[in-house]
Amino acid sequence: MPNELLALAAILWGAGGVLALTGRGLGVARVALGLGALSGIAGAILALPGGTAPVILPLAMAGERFGFHIAPEGLWLMGFGLAPAALACWLATPIQAGRAGWLVGAAFSLLGALGVFGMQNAGGFLIAWEVMSLGGAVMILGERVSLSPGAPVLFMLGLLEVGAVALLIAFLVLVTASGDLSFTGLAAGGAALPGWVGIVVGVLLVIGFGAKLGLLPFYEWFPAAYGAGSGASGAILSGVVLNAAFFALARGVLDWVAGPGAYGLGIFIVIAGVLSAILAVLYAFQQDDWRSLLSFSSAENAAIAVATLGASLMFRASGLAALAGLAWTVALLHLAGHALAKGTLFLTADGVHAATGRYEIRHSLLARRTAFVFGAGALFAAMSLAAMPPQAGFVSEWFVFQTVFQGFHLPGMGGRLVLALAGAGLALTAAVAFATFVKLFGIGLLGAGNHVAGRIGAGVVASVAVLGGCVLVLAVGMPLWLSALVEAAMGRFGVAAPALMHDGPLLVPLTAHFAFISPTLLVVVMPLLALLPIVLLLAARIAHPVRRAPVWYGGSAPDIARTATTALTFSNALRTFYSFVYRPRVETKRETVGREYFITRLRFSHEVAPVFGPWLFAPAVRLVRSVSARLRGLQSGHLNFYLGLIGLLLVIILALTFVPR
């Protein structure tokens, strides 16, 4: 039954994409994509806690048929990723003129993600990976939210292809060692590799999958690409697509790099993940656009999961199977909560766009001007991403810290020091993330202003309310949901770590003697504790009524529009403190007529400089342009020249056929 539901999902996505490609029946296409996502969720639920039954697809490459099977952890990540995708497909892009292209891209993304989760053959996997990347590009280009989406999408595809080349090289090394394209053969090939070669393959896998996860330096394509699309695109890219990339990375480093270099690879992954998380969240804090901020936050949360995966690799290489299972499970919990919360806020961003006409983070007081459930859903999601109790993000990040605190069990001082420093880096990340989402919700939804020109549709309100509620349900029911991962952890590590992560309603890091929390009980206790300050507040208002007066503004009448705290003003202190990271740039341009003191226009711009752009990407662009300028002579337009090139190519091919083997 689960395989039939997944097949139905693929058929619905394919049919929806074809309908959208014709430009007709877009409403039917939306329904088909949404129903396909729901069918995928149902298939994942029915297949857990075990995986799907293996099947052989009627497709082949190099004489080898494609196998399909989704492991339990893949079902977990896919199911949570498809939840926001289903609602995003139902709502579609807010740009009516671009819906056909967007729906085609969404169909490609979902089909590619399904292949990434289920393909058991290197060739089929790479095809699915490229289809998933192409789908994201088509979504952004098709909806035409931005006036010039071409450059950001080209930059995105360029960096993703760098990752694809790294994956291709890694697969070639593994296939050469095993002579088998199946993932079982890749695992055998990885076990046969020398230690240093295994580390190189692992680094290539981190680069390849990290290009989509947003590990440094690849996170620099996130703000421009996400900012060129809608919130619906962001909900799919930061949900099922991001989860698929993490699943592929986890499978690669745990199954295919199991040699003596696994411990060193784990250290590398932890360091890369923590540094990526710190840089991504620092840049998220400086954004004044909903989509750009949320995109950097997606890279940050993916990096946290990757760092936890690296810890799992270190624990397993040290023979600490229970701790390895704990770290692996925590990464899955973190991405499950992230998919729901980030999908909620991306759809909230579309609601902000509908009300204000822009995605800018500015005062609108939308939390009061729209339905209560809309603000509540967005609040739950923001609390989760800020790691505030009792939301899912609080649970997973608490588990992350409890995991790295277990580093004292490692045999070597180097590993212990790495996890201790990782804990410090993740603490900085959590603090900045808290401030980031206080800014986003406080200014974007609570700030008083008159920028509202439209209204938020009932579909967006309902979607935000449902997804936001699911974030809380995930946290409250965590002791129950953990049972879905017991069989997966048992099969991979030989220890039922998820079963040891709760003691009744308490959540514990394998033992209640180390630490414990209980979101299930917090949901009951926190409202009761809140009654006391509420009573005191009401009593104070009776005794001392609230008096409202204008804010003191230098003795002059205040202009609310000029004195309001903006998104960038909120983050100015941190931008100044971390100026060595941000390297803020201020530029003033004057346009004059006649003499220079007759100024007709004054343009002021302020931005933070990307870290890797000027030093890594800009030189690469200059190199490509230089090479293309020298090769421009090949495009002479002379037919005889082209015929000569073809003739030379034929002579080379003919000569190669006579080379003795």
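Computed from a predicted structure; not experimentally measured.

Remarks on the nonpolar core
Now for step 1: In this structure, Phe125, Ile236 and Phe246 are the most contacted members of the largest nonpolar core, which totals 206 residues.
Now for step 2: A per-element tally of this core places helix H13 (residues 321–356) first, with 19 residues.
Now for step 3: Once you skip the residues sitting within four places of it in the chain, Phe246 turns out to touch Leu77, Leu213, Ala305, Val306, Leu309, Ala331, Leu332 and Leu335.

Digging into the state of the cysteines
Now for step 1: Taken as a whole, this structure holds zero disulfides when the rule is applied.
Now for step 2: You can see Cys89 has no disulfide; the closest cysteine sulfur is in Cys470, sitting 16 Å from it.

A short note on the packing of helix H6 (residues 150–178) against helix H7 (residues 183–192)
Now for step 1: The geometry of H6 relative to H7 is characterised by a closest axis approach of 7 Å and an angle of 85° between their N-to-C directions. Considered as vectors, H6 and H7 are oriented roughly perpendicular to each other. Between H6 and H7, the contacting residues are Phe171, Leu174, Val175, Ala177 and Ser178 on the first element and Gly185, Leu186, Gly189 and Gly190 on the second.
Now for step 2: Classifying every residue of the contact of H6 with H7 by side-chain character gives five nonpolar, four polar and no charged.

Quick look at empty space enclosed by the protein
Now for step 1: If you walk through the whole model with that rule in mind, you get six cavities of 30 Å³ or more.
Now for step 2: Considered as a void within the structure, the largest cavity measures approximately 80 Å³ in volume.
Now for step 3: Along the wall of the largest cavity there are 13 residues; nearest its centre are Leu160, Lys212, Trp221, Leu237 and Val241.
Now for step 4: Elements supplying a minimum of two residues to the lining of the largest cavity: helix H5 (122–143), H6, helix H9 (222–227) and helix H10 (231–256).
Now for step 5: No other element matches the four residues that H5 contributes to the lining of the largest cavity.
Now for step 6: What the second largest cavity holds in volume is close to 50 Å³.
Now for step 7: If you list the elements that add at least two residues to the lining of the second largest cavity, you get helix H3 (72–91), H10 and H13.
Now for step 8: Looking at which element gives the most residues to the lining of the second largest cavity, the answer is H10, with four residues.
Now for step 9: Partitioning the lining of the second largest cavity into residue classes produces six nonpolar, no polar and three charged.

Here we look at the pattern of salt bridges
Now for step 1: Here the structure, examined in full by the defined rule, presents four salt bridges.
Now for step 2: Among the salt bridges present, the one from Glu73 reaches Arg492, with a minimum N-O distance of 2.9 Å. One end of the pair, Glu73, is in helix H3; the other, Arg492, is in helix H20 (residues 486–493), and 419 residues separate them in sequence.
Now for step 3: Judged by relative accessible area, Glu73 falls into the buried class, the value being 6%.
Now for step 4: The residue Asp255 makes a salt bridge to Arg492 at a minimum N-O spacing of 2.6 Å. Here Arg492 lies in helix H20 and Asp255 lies in helix H10, a separation of 237 residues in the sequence.
Now for step 5: On the basis of relative accessible area, Asp255 is assigned to the partly exposed category, the value being 29%.
Now for step 6: Each of the salt bridges in this network shares a partner with another, and the network as a whole consists of Glu73, Asp255 and Arg492.

A short note on helix H15 (residues 372–385)
Now for step 1: Between the first and last C-alpha of H15 there are 20 Å, a value that for 14 residues agrees with the 20 Å anticipated at 1.5 Å per step.
Now for step 2: Burial analysis of H15 places 10 of its 14 residues in the buried class, the great majority of the element.
Now for step 3: For H15, the elements touching its buried residues are helix H12 (290–317), H13, helix H16 (392–404), helix H17 (413–446) and helix H18 (458–476).
Now for step 4: Phi turns positive one or two residues past the end of H15, at Ala387, with a value near 60°.

Each value, and the rule that gives it
Residues numbered from 1 in each chain as written. Predicted model: local features only at pLDDT ≥ 70, side-chain atom pairs only at ≥ 80, totals over all residues. Heavy atoms only, no water. Core = buried A, V, L, I, M, F, W, Y, C linked by side-chain atoms within 4.5 Å. Buried < 20%, exposed > 50% of the residue type's maximum accessible area, 1.4 Å probe, protein only. Helix = DSSP H or I, 4+ residues; strand = E, 2+ residues; numbered from the N terminus. Contact = heavy atoms within 4.5 Å. Disulfide = S-S within 2.5 Å. Axes fitted to C-alpha atoms, helices over the stretch in contact; angles between N-to-C directions. Parallel < 35°, antiparallel > 145°, perpendicular 65-115°, else oblique. Nonpolar A, V, L, I, M, F, W, Y, C, P; charged D, E, K, R; others polar. 1 Å grid on protein atoms, 1.4 Å probe; cavity = no way out; pocket = protein on both sides within 12 Å on 5 of 7 lines; lining within 4 Å. Points joined across faces, edges and corners; volume = space filled by probe spheres on them. Salt bridge = Lys/Arg side-chain N within 4 Å of Asp/Glu carboxyl O. Expected span 1.5 Å × (residues − 1).

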